[in-house]
Amino acid sequence: SQTIHQWPATLVQPVGSPLSLECTVEGTSNPNLYWYRQAAGRGLQLLFYSVGIGQISSEVPQNLSASRPQDRQFILSSKKLLLSDSGFYLCAWSISGLANTGELFFGEGSRLTVL
Amino acid sequence: AQSVTQLGSHVSVSEGALVLLRCNYSSSVPPYLFWYVQYPNQGLQLLLKYTTGATLVKGINGFEAEFKKSETSFHLTKPSAHMSDAAEYFCAVRTSTSGTYKYIFGTGTRLKVLA
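Residues numbered from 1 in each chain as written. Chains lettered and ligands numbered in written order. Predicted model: local features only at pLDDT ≥ 70, side-chain atom pairs only at ≥ 80, totals over all residues. Heavy atoms only, no water.

Asks: Give a detailed account of the overall build of chain A, specifying residues and quantitative values.
Replies: When its secondary structure is counted, chain A shows zero helices and 11 strands. Going residue by residue from the N terminus, the α and β elements of chain A occur as β-β-β-β-β-β-β-β-β-β-β. On C-alpha atoms alone, chain A measures out to a radius of gyration of 14 Å, which is about the 13 Å that the 2.2 N^0.38 rule sets for 115 residues. C-alpha atoms of chain A, sized along the principal axes, occupy 45 × 30 × 25 Å. Burial statistics for chain A: of 115 residues in total, 48% are counted as buried. A separation threshold of at least 6 residues defines the contact pool for chain A, and within that pool the share at least 24 residues apart is 55%. For chain A, the accessible surface area stands at approximately 5,300 Å², while carbon and sulfur atoms represent 55% of it. Within chain A, one finds 7 positive and 7 negative side-chain charges whose respective centroids are separated by 11 Å. (Helix = DSSP H or I, 4+ residues; strand = E, 2+ residues; numbered from the N terminus. Rg over C-alpha atoms; globule rule 2.2 N^0.38 Å. Buried < 20%, exposed > 50% of the residue type's maximum accessible area, 1.4 Å probe, protein only. Contact = heavy atoms within 4.5 Å. Areas by Shrake-Rupley, 256 points an atom, 1.4 Å probe, with all protein chains shown as cover. Lys, Arg positive; Asp, Glu negative; His and termini not counted. Charge placed at Lys NZ, Arg CZ, Asp CG, Glu CD.)

Here's what the structure looks like:
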């Protein structure tokens, strides 16, 4: 069966420090991968999505970047964190192509607090 | 552009009472619609989904939702609330851009169950 792992679960970082959140999917190949940010009262905001290695699409201009160095690995990064980067970050995946069943499968999330 | 509106950011019901969480969507194509549940500091778990076919969809934990095209709605119901239903619920619609699937989420409804 497929599983998704996301880490770290919690992170407290000072303003101006770098960030790296990692997500890996097991039990499937060539998944579509997504990074969402959840802020209180604002629902889920799509940050990045990827349909293949090295293929990253950004939804909103911001202080963050994403990379997909391997088929089932998705990394969210920042060179210098801002206070406004605080939030709950969720990685998700879906089946690609004709086998797509429709839904997204989510990781457990990473809570980032920037001080 | 596709969008999702959830009416009521907070809903309170008594234990044993009917749960009704409202979701309206906007989509230029036949939509795929989803309800997810989120417990504190966790990822999102799929409750149910509508893709095609029967408009009344049954999900886990006794929840169901009805797709009403004429009303562009996909409301979530449960006949009898249980204390364990207290959580945040998100409605989502899947969109497609150049063959790539993206998922748009509502801002969420926090369900409180009163003893």
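There is more to say after this.
Asks: Give a detailed account of the overall build of chain B, specifying residues and quantitative values.
Replies: Tallying secondary structure elements over chain B gives zero helices and 11 strands in all. Here chain B has a C-alpha radius of gyration of 14 Å; the compact-globule value for 115 residues is 13 Å, and the two agree. Counting only C-alpha atoms, chain B reaches 50 × 30 × 20 Å along its principal axes. Across the 115 residues that make up chain B, the buried fraction comes to 43%. Looking at chain B alone, contacts between residues at least 24 apart form 55% of all its contacts between residues at least 6 apart. Surface exposure of chain B reaches about 5,500 Å², of which carbon and sulfur atoms provide 52%. If the 10 positive side-chain charges of chain B are averaged to one point and the 6 negative ones to another, these points end up 8 Å apart.

Asks: If you had to explain the interface of chain B and chain A to someone new, which residues and values would you point to?
Replies: Interfaces are often sized by the accessible area lost when the parts come together. With 21 residues of chain B in contact, the opposing surface of chain A contributes 24 residues. At the boundary of chain B and chain A, one finds two salt bridges. In this structure, K102(B) and E59(A) form a salt bridge, with 3.2 Å as the shortest nitrogen-oxygen distance. Summed over the shared surface of chain B and chain A, the number is 10 residue pairs in polar contact (both at pLDDT 80 or more). Mapped onto the side of chain B that touches chain A, the elements with two or more residues apiece are β4 (32-38), β5 (44-50), β9 (87-97) and β10 (100-105) of chain B. Considering every element that reaches the side of chain B that touches chain A, the biggest residue donor is β10(B), with five residues. Of the residues belonging to the side of chain B that touches chain A, the class tally is nine nonpolar, eight polar and four charged. (Salt bridge = Lys/Arg side-chain N within 4 Å of Asp/Glu carboxyl O. Polar contact = N/O pair within 3.5 Å; in protein donor to acceptor, adjacent residues only side chain to side chain. Nonpolar A, V, L, I, M, F, W, Y, C, P; charged D, E, K, R; others polar.)

Asks: So, unusual backbone geometry: which residues are in play, and what are the values?
Replies: Only a minority of non-glycine residues have a phi that is not negative, and only a minority of peptide bonds are not trans. The omega angle of the peptide bond from W7(A) to P8(A) is 0°, so this bond is cis rather than trans. Even without being glycine, N30(A) reaches a positive phi, approximately 50°. By secondary structure assignment, the location of N30(A) is in the loop between β3 (19-26) and β4 (32-38). With a phi close to 60°, N61(B) is a non-glycine residue in the positive phi region. Judged by its relative accessible area of 43%, N61(B) is partly exposed.

Asks: Give me the lowdown on the side chain of E88(B), citing residues and values where you can.
Replies: With respect to the secondary-structure elements, E88(B) resides in strand β9. Overall, the relative accessible area of 11% leaves E88(B) in the buried class. Side-chain polar atoms of E88(B) contact the side chain of R110(B), separated by 3.0 Å. Contacts of E88(B), omitting those with residues within four sequence positions, involve Q38(A), Y36(B), V37(B), Q38(B), T107(B), G108(B), T109(B) and R110(B).

As far as function goes, none of this settles anything; it's purely spatial.
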